[in-house]
Amino acid sequence: MSENKFSQTSSFLIDMTKCTGCRGCQVACKQWNELRAENTKFFDGEGYQNPPAMSEYTFTRIKFRDYQRHGQNEFAFYKEMCMHCNEPACASVCPVTAFYKTEEGPVVYRPERCIGCRFCMIACPFGVPKYEWSKGLPLVRKCTGCYSRVKEGLWPACATTCPTAITYGTRDEMLAEAERRLARNPERYINKVYGKEDAGGTCVLYLSNLPFDELGFKPVTFRPLPEYTWDALRYVPGAFLTVGGGLSALAWITHRRERLKKEQEVAPLEETSKEPKEDQE
Ligand code: SF4
Ligand code: SF4
Ligand code: SF4
């Protein structure tokens, strides 16, 4: 696929040198997607970020990295979210096309198609898709790119809320803006636009003043990831669907057992609580 195919797709430019760590984006995402809050603690061992990881209830979060410069303690912030890859690995391995790349840019998920095989979770190099383990009929959840807003010509909720660090526009515009900032302030930035070619190019682009690996960005290939996933998976189509179906069935049986166990625990209590009423009649 040619790079030009993605030049007009909607994209984020996240300038981490301008991020204040206010986490307005996190809150806006929760509000727009009606996601519940999660228990947090001040220091989870990995850093100061809260919640400690992305989850089915947290589609984006700000990661903190503390470091020293000129003898001073400094903080760097990194907004973690789905990268809305140009050629998404999650979509390439999904046997029922529950994940797909929209013309507008966001990579979205159709729950009605999902069979629960969770190959998307294994394939994504950024660890983005999460599974609703706690639910009887679990789905995969992740950042939607605010597709419903983008379709109406609006910016995503997180980008709208951010006071400083997030710019939104076509991929070409965001790349040009990133290159302009690098040229204007070379001493301010690492000379790289993360996402320009990484993972075959993404619709979330980053600028940083720290090396990306120090911020926790995983090194990924420049080659579009579906080329790798299909290299491996095309040889095992039968196993692909069988394992997927098997995992779905296992998850369903496990949750059903848990539900039945809970119902059995509740049933004697209900019977006991009825006894006095019967006595009163
Ligand atoms: S970051 Fe992961 S979940 Fe998001 S589009 Fe890319 S492969 Fe899919
Ligand atoms: S694009 Fe929408 S769903 Fe994704 S992180 Fe931003 S607010 Fe959340
Ligand atoms: S809203 Fe903007 S400035 Fe605030 S934490 Fe998010 S990305 Fe950083």
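S.K.: Run through the overall build of the chain, naming residues and quoting values.
M.R.: Secondary structure summary: the chain contains eight helices and nine strands in total. Across the 281 residues of the chain, 47% fall into the buried class. Across the chain, every contact between residues at least 6 apart in sequence was considered, and the portion connecting residues at least 24 apart equals 60%. In the structure as shown, the chain presents an accessible area of about 15,400 Å², 54% of it carried by carbon and sulfur atoms.

S.K.: Kindly report on the site of ligand 2, identifying the contributing residues and their values.
M.R.: With respect to spatial proximity, the complete set of residues near ligand 2 consists of F12, C29, N33, T60, K79, C143, T144, G145, C146, P156, A157 and C158. Here the residues of the shell around ligand 2 are counted per class, giving seven nonpolar, four polar and one charged.

S.K.: Account for the environment of D66, naming residues and giving values.
M.R.: With respect to the helices and strands, the residue D66 is situated in strand β2 (residues 61-69). On the basis of relative accessibility, which here comes to 44%, the residue D66 falls in the partly exposed class. Linking D66 and L215, residues 149 residues apart in sequence, is a C-alpha distance of 9.5 Å. Leaving out residues up to four positions away in the same chain, D66 has contacts with Y48, E74 and F75.

S.K.: Tell me what's going on with the pattern of salt bridges, and back it up with residues and numbers.
M.R.: If charged atoms from side chains of opposite charge come close, those side chains can pair. Here the structure, examined in full by the defined rule, presents nine salt bridges. One salt bridge in this structure joins R61 and E80, with 2.7 Å as the shortest N-O distance. One end of the pair, R61, is in strand β2; the other, E80, is in strand β3 (residues 72-80), and 19 residues separate them in sequence. Judged by relative accessible area, E80 falls into the buried class, the value being 11%. If you follow the salt bridges from partner to partner, you end up with D15, E177, R180 and R181 in one network.

S.K.: Account for the site of ligand 1, naming residues and giving values.
M.R.: Taken together, 14 residues sit near ligand 1, with C82, M83, C85, C90 and C124 positioned nearest. Its residues assigned to classes, the shell around ligand 1 comprises 12 nonpolar, one polar and one charged.

S.K.: Provide a residue-level description of the layout of surface pockets, including the pertinent values.
M.R.: Of the voids in this model, the largest pocket is the one considered here, and its volume is about 240 Å³. In terms of lining residues, the largest pocket is bounded by 14 residues, among which Y109, P111, R141, K142 and T144 are the most central. Elements represented by at least two residues in the lining of the largest pocket include exactly β5 (107-109) and β7 (140-141). The leading source of residues in the lining of the largest pocket is β5, at three residues.

S.K.: Would you mind going over the side chain of E56 in detail, with residue names and values included?
M.R.: Counting through the fold element by element, E56 comes out in the loop between α1 (24-33) and β2. Lacking a salt bridge, the buried E56 has R36 as its closest oppositely charged neighbour, with an N-O distance of 6.3 Å. If sequence neighbours within four positions are ignored, E56 has contacts with L35, K130, Y131, E132, W133, S134 and R141.

S.K.: Explain the side chain of E80 residue by residue, including any values.
M.R.: At 2.7 Å, the side chain of E80 forms a polar contact with the side chain of R61. Sequence-distant contacts of E80, defined by excluding residues within four places in its chain, comprise M54, F59, T60, R61, K63 and Y206.

S.K.: Can you lay out the nonpolar core for me, pointing to particular residues and giving the numbers?
M.R.: Grouped together as the largest cluster of nonpolar side chains are 39 residues, with contacts concentrated most on F12, I14, M16, F126, Y194, Y206 and F217. For this core, the elements supplying multiple residues, two or more each, are β1 (10-15), α1, β2, β3, α5 (157-161), β8 (166-170) and β9 (204-207). Among residues more than four places away in sequence, those in contact with Y206 are I14, M16, Y78, K79, E80, M81, M83, K192, V193, Y194, F212 and F217. Listed in part, the 10 residues of the second largest apolar core include C90, V107, C120 and Y131.

S.K.: Please provide a residue-by-residue account of empty space enclosed by the protein, values included.
M.R.: With the rule as written, the count across this model stands at five cavities of 30 Å³ or more. Here the largest cavity defines a volume of roughly 110 Å³. If you go around the largest cavity, you meet 17 residues; those closest to its centre are C19, C25, I62, C162 and A165. Looking at the lining of the largest cavity, its residues break down into 11 nonpolar, four polar and two charged.

S.K.: Report on the pairing of β2, specifying residues and quantitative values.
M.R.: Looking at chain direction, β2 and β3 are connected through nine bridges and run antiparallel. Bridged to F64 within β3 is F77. The hairpin formed by β2 and β3 contains two residues between the paired strands, and H70 there has a positive phi angle of roughly 50°.

Calculation rules
Residues numbered from 1 in each chain as written. Chains lettered and ligands numbered in written order. Predicted model: local features only at pLDDT ≥ 70, side-chain atom pairs only at ≥ 80, totals over all residues. Heavy atoms only, no water. Helix = DSSP H or I, 4+ residues; strand = E, 2+ residues; numbered from the N terminus. Buried < 20%, exposed > 50% of the residue type's maximum accessible area, 1.4 Å probe, protein only. Contact = heavy atoms within 4.5 Å. Areas by Shrake-Rupley, 256 points an atom, 1.4 Å probe, with all protein chains shown as cover. Near = heavy atom within 4 Å. Nonpolar A, V, L, I, M, F, W, Y, C, P; charged D, E, K, R; others polar. Salt bridge = Lys/Arg side-chain N within 4 Å of Asp/Glu carboxyl O. 1 Å grid on protein atoms, 1.4 Å probe; cavity = no way out; pocket = protein on both sides within 12 Å on 5 of 7 lines; lining within 4 Å. Points joined across faces, edges and corners; volume = space filled by probe spheres on them. Lys, Arg positive; Asp, Glu negative; His and termini not counted. Polar contact = N/O pair within 3.5 Å; in protein donor to acceptor, adjacent residues only side chain to side chain. Core = buried A, V, L, I, M, F, W, Y, C linked by side-chain atoms within 4.5 Å. Pairing = 2+ DSSP bridges.

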